[in-house]
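So you can see what is in the structure, the chains are spelled out below.
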Amino acid sequence: MAAMIQKPRGTLDVLPERAKVWQHIEKTLRSVAEKYGFGEIRFPTFENVDLFQRGVGDTTDVVQKEMYLLEQKGTGEARYALRPEGTAGVVRSIIENGKCSDAMPLRYYYLANMFRYEKPQAGRFREFTQFGVELFGSDSALADASVISMGNEILEKLGIRDRLLHINSIGCPNCRPKYQEALVSYFQGRESELCETCRERLKKNPLRILDCKSPICSSIAAGAPKTVDSLCDDCRQHLSTLLSALDDSGISYELDPGIVRGLDYYTRTVFEFLCPITGAAQSTVCGGGRYDGLVRELGGPSLSGIGFAIGINRLIDAMEKSGVNPPEETRPLLYIASMGQEAAMRAFQIASRFRAEDKWAESDLVGRSLKAQMKYADKIRASYTLILGEEELRSGIAQLKNMETGEQVAVELATFSL
Ligand code: HAM
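Residue positions are counted from 1 within each chain, in the order its sequence is given. Reporting of local features is limited, given that this is a predicted model, to residues whose pLDDT is at least 70; pairs of side-chain atoms are given and counted only at 80 or more, and all residues count toward the totals for whole chains, interfaces and linings. Hydrogens and water molecules were not included; the side-chain quantities draw on all heavy atoms of the structure.

Description of the site of the ligand
And then number 1: Each residue is tested against the molecule or strand, and it is near if at least one of its non-hydrogen atoms lies within 4 Å. Close contacts around the ligand come from 26 residues, with Glu-85, Glu-118, Phe-125, Glu-134 and Tyr-266 the closest.
And then number 2: Contacts to the ligand include Arg-261, whose side-chain N or O atom sits 2.8 Å from an oxygen atom.
And then number 3: Whenever two N or O atoms come within 3.5 Å, that pair is a polar contact, provided that in protein one can donate a hydrogen and the other can accept it, and provided that, for residues adjacent in sequence, both atoms are side-chain atoms. At 3.0 Å from an oxygen atom of the ligand is found a main-chain nitrogen or oxygen belonging to Thr-284.
And then number 4: Calculation on the ligand without its partners gives an accessible area of 660 Å², and the protein chains cover 95% of this total.
And then number 5: Secondary structure elements with two or more residues in the shell around the ligand: strand 6 (127-136), strand 10 (284-290) and strand 11 (305-311).
And then number 6: Strands are runs of DSSP state E lasting at least two residues, helices are runs of H or I lasting at least four, and both sets are numbered from the N terminus onward. In terms of residue count, strand 10 provides more of the shell around the ligand than any other element does, six residues in total.
And then number 7: Charged means Asp, Glu, Lys or Arg here, nonpolar means Ala, Val, Leu, Ile, Met, Phe, Trp, Tyr, Cys or Pro, and polar covers whatever is left, Gly included. Split into classes, the residues belonging to the shell around the ligand amount to ten nonpolar, nine polar and seven charged. Each accessible area is a Shrake-Rupley estimate made with a 1.4 Å probe; only the visible protein chains count as cover when residues are assessed.

Pasting the structure below:
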């Protein structure tokens with residue numbers, strides 16, 4: 001036998017039984033998104049590397065360490081990258097398609113695979129699926145509240161009761177410099193203990209030291225000054241309006257000054273939904289925030305944005321750990337067993353007639369004995385069975401059996417329906 005080839009590390013196969021769970025989730029996500037006025041956007045799996053370097057930030061872990069780069073043929077140069085996240089691609093797309101002058105707010109959602117070269121572990125894959133939403137053109141804290149309540153509703157609808165919403169504000173270009181100064185002076189005192197990447201970050205983008213995954217850097221980062229202590233009046237007001245709107249909606253949250261998020265584009269509000277029940281180190285099922293400078297950074301007009309992404313792989317894990325039952329499996333309506341070639345042909349025709357009426361019917365395709373066919377009909381939990389032999393073909397009449405009640409009725413092969 002030839003050697004078996006395995007899937008790449010950190011990727012996932014989803015076979016039909018599991019795909020049912022995915023489909024159920026996708027249906028819920030789409031219906032909630034559409035109710036909030038979001039339309040689906042699809043965009044390329046790979047984009048110019050510059051998009052992520054400029055959009056997500058070239059000092060982030062995602063860009064520095066985790067991007068899958070694609071070489072431009074013949075040049076040896078990395079020109080494209082598999083998308084590690086969706087926000088930058090959506091922003092590129094709305095600018096390129098001239099959407100920034102449409103009526104505001106613009107609202108888009110996507111269900112798309114993302115790629116990050118991370119160390120695989122529970123809840124962390126190299127290819128994973130995100131459901132993301134992006135809302136553009138509103139500076140109001142009520143837009144933040146609306147996006148957060150949408151995330152909250154999705155998790156509630158999918159049965160994840162045990163969830164925590166953590167919120168923080170990381171300020172805006174007005175208050176950020178003051179905060180960065182405080183950070184730099186804190187980290188300069190411990191510079192020699194930082195990893196090499198973070199020593200570099202100290203010069204270029206000290207905020208990114210706060211989400212370094214190295215244990216030493218993260219323990220030093222735990223004592224660093226917090227963004228909330230440096231907010232300007234406008235940012236403080238924005239946060240307070242958001243929190244009041246959440247209070248009014250009965251959505252509970254925790255202010256968590258430790259959240260900075262790992263991507264550079266965020267301004268003001270950042271938030272995460274955590275599911276501690278998963279027990280995994282990676283218990284964040286949803287992460288998002290406001291990004292008021294990104295559209296401009298990527299060559300568009302000054303247009304604010306806010307959104308989030310839910311990791312579907314982590315969501316499924318959280319649902320399983322929460323004891324959410326998978327949706328009821330669908331089953332065939334009719335299985336037609338047959339004896340002999342001629343009967344098999346007739347069974348095939350009847351099954352085709354049922355399928356033309358959008359009903360699930362099956363006939364034997366693998367040449368099983370009659371006994372094995374009946375066993376198979378049981379296994380696939382067909383609601384009805386029909387047996388075709390010489391006598392049935394001659395008379396045009398056969399016994400239709402209700403597999404649940406055992407009841408049998410005679411039906412005319414040419415015309416019967418269910
Ligand atoms: P993110 O926090 O990098 O944000 O990812 C969002 C979610 O994707 C995470 O909370 C997690 O559930 C899932 N996720 C991330 N990495 C992995 C992985 N390696 N394996 C499995 N799941 C993972 C973003 O990507 C932003 N674009 C979200 C956003 C949209 N912000 C504003 N709009």
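Digging into helix 9 (residues 233-248)
And then number 1: Multiplying one less than the number of residues by 1.5 Å gives the expected span of a helix. Under the 1.5 Å per step criterion, the end-to-end length of helix 9 is 22 Å for 16 residues, consistent within 8% with the ideal 22 Å.
And then number 2: Residues of helix 9 that are buried include every one of Cys-235, His-238, Leu-239, Leu-242, Leu-243, Ala-245 and Leu-246, and no others. The buried residues of helix 9 occupy one face: seen down the axis, they fall within an arc of 160°. Set apart from the buried face of helix 9 by more than 90 degrees, the exposed residues are Asp-233, Asp-234 and Asp-248. Think of it in three bands: with a 1.4 Å probe and only protein chains considered, a residue is buried below 20% of the maximum accessible area for its type, exposed above 50%, and partly exposed in between. Directions drawn from the helix axis to the C-beta atoms are what define this arc.

Points about helix 7 (residues 196-204)
And then number 1: Those residues of helix 7 that sit buried are Cys-198, Arg-201 and Leu-202. Summarising the axial view, the buried residues of helix 7 lie within an arc of 110°, below the 170-degree limit, and thus occupy one face. Turned more than 90 degrees away from the buried face of helix 7 sit Glu-196, Lys-203 and Lys-204, all of them exposed.
And then number 2: Residue contacts are counted whenever heavy atoms from the two residues lie within 4.5 Å of one another. In this structure, the buried side of helix 7 is in contact with helix 3 (61-64), helix 6 (176-188) and helix 8 (215-221).

Section: the domain arrangement of the protein
And then number 1: As far as domains go, the protein holds domain 1 (16-175 + 231-321) and domain 2 (334-412).
And then number 2: In this structure, domain 1 and domain 2 have C-alpha centres spaced 50 Å apart. As annotated, the domain borders come from an automatic or database domain assignment.

Quick look at the side chain of Glu-272
And then number 1: Here Glu-272 lies in strand 9 (residues 267-274).
And then number 2: At 3.1 Å, the side chain of Glu-272 and the side chain of Arg-261 are in polar contact.

As for a nonpolar patch on the surface
And then number 1: A contiguous nonpolar surface patch, about 450 Å² in accessible area, is contributed by Met-345, Phe-348, Leu-365 and Val-366.
And then number 2: Mapped onto the fold, Leu-365 is located in the loop between strand 13 (361-363) and helix 13 (370-379). Note that patches include only residues with greater than 30% relative accessible area and no salt bridge, and the join distances are 9 Å for like charges and 5 Å for nonpolar side chains (Val, Leu, Ile, Met, Phe, Trp, Tyr). A pairing counts as a salt bridge when a side-chain nitrogen of Lys or Arg comes within 4 Å of a carboxyl oxygen of Asp or Glu.

Details of the sheet that holds strand 13
And then number 1: When DSSP locates at least two bridges between a pair of strands, those strands are taken to pair. The strand order 13-12-14-15-16 describes an open sheet built from five strands, whose pairing is mixed. Lying at the two open borders of the sheet, with one neighbouring strand each, are strand 13 and strand 16 (408-412). Averaged over all adjacent pairs, the angle separating strand axes in this sheet is 25°, with direction ignored.
And then number 2: Alignment of strand 12 (residues 334-338) against strand 13, held across three bridges, turns out to be parallel. Of the residues in strand 13, the one forming a bridge with Tyr-335 is Glu-362. Axis definition: a line fit to C-alpha positions, over the contact stretch in the case of helices; interaxial angles, taken between N-to-C directions, run 0 to 180 degrees.

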